[in-house]
Amino acid sequence: MSRTNLNHILLIFFTIRALLHVSMSRTNLNHILLIFSTIRALLHVFLSVTYRTSPEYPTMQSLKKPITGGQAFPIDLPGHLCSRHEIKEFAEACKEIGVQFVGLCCGSCSHYIRTVAEVYGRTPPGSKYSPDMSKHHMFGNPSNFRSYYTQNIQQWTTGKFQ
């Protein structure tokens, strides 16, 4: 192995190591995207945690419980999770800048991974569980429903009783 190849391998190794550190400590998805887009030429794999952070609480370890103000890390983090829509936007932004592999770390769930896979054009087996709003009892296509099941729901939601 030539010295140049070894230098490239070391550069990639330390870049991955730095990315993992950034992903674990700076978890705001927009902040991570900014970092990723600047080093995109060096790396094709990105990993992020799934918690909402802010300038006031920049890491998942610094997040506070909304009611008591106590430390949320390590067991009370679910209240800080990103929504599926935010994960989808993150995956779309990664795809737009040319990222080939996206992973999610702390706080990840199967439906988040499925969302990322679907953004990248994959159809994992779990896609059969993806939300299909056309079948929703209130927001779906009414022509697909039998009135026996939906009449009372429509009356209660509209307040119009016969």
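Since this is a predicted model, take the numbers as computed values, not measurements.

Cut-offs and rules
- Residues numbered from 1 in each chain as written.
- Predicted model: local features only at pLDDT ≥ 70, side-chain atom pairs only at ≥ 80, totals over all residues.
- Heavy atoms only, no water.
- Phe/Tyr/Trp six-rings, centres within 6.5 Å; stacked < 30°, edge-to-face > 60°.
- Lys NZ or Arg CZ within 6 Å of the ring centre and 35° of its normal.
- Core = buried A, V, L, I, M, F, W, Y, C linked by side-chain atoms within 4.5 Å.
- Buried < 20%, exposed > 50% of the residue type's maximum accessible area, 1.4 Å probe, protein only.
- Helix = DSSP H or I, 4+ residues; strand = E, 2+ residues; numbered from the N terminus.
- Contact = heavy atoms within 4.5 Å.

Draft legend 1. Structural context of the packing of aromatic side chains. On inspection of all chains with the given rule, the structure shows zero aromatic pairs. If you follow Lys95 out to its NZ or CZ, it ends over the ring of Tyr120, 5.9 Å from the centre.

Draft legend 2. Just the nonpolar core, in detail. Ranked by size, the top nonpolar core spans twelve residues in total: Cys82, Ile87, Phe90, Ala91, Cys94, Val99, Val102, Leu104, Tyr112, Val116, Val119 and Tyr120. Where this core is concerned, the elements lending two or more residues are helix 3 (84-96), strand 2 (101-104) and helix 4 (110-119). Broken down by element, this core gets its largest block of residues, four residues, from helix 3. Not counting residues up to four positions away in its chain, the partners in contact with Val119 are Lys88, Ala91, Glu92 and Lys95. In terms of nonpolar packing, the next biggest core, distinct from the first, is built from six residues, Val49, Tyr51, Ala72 and Leu77 among them.

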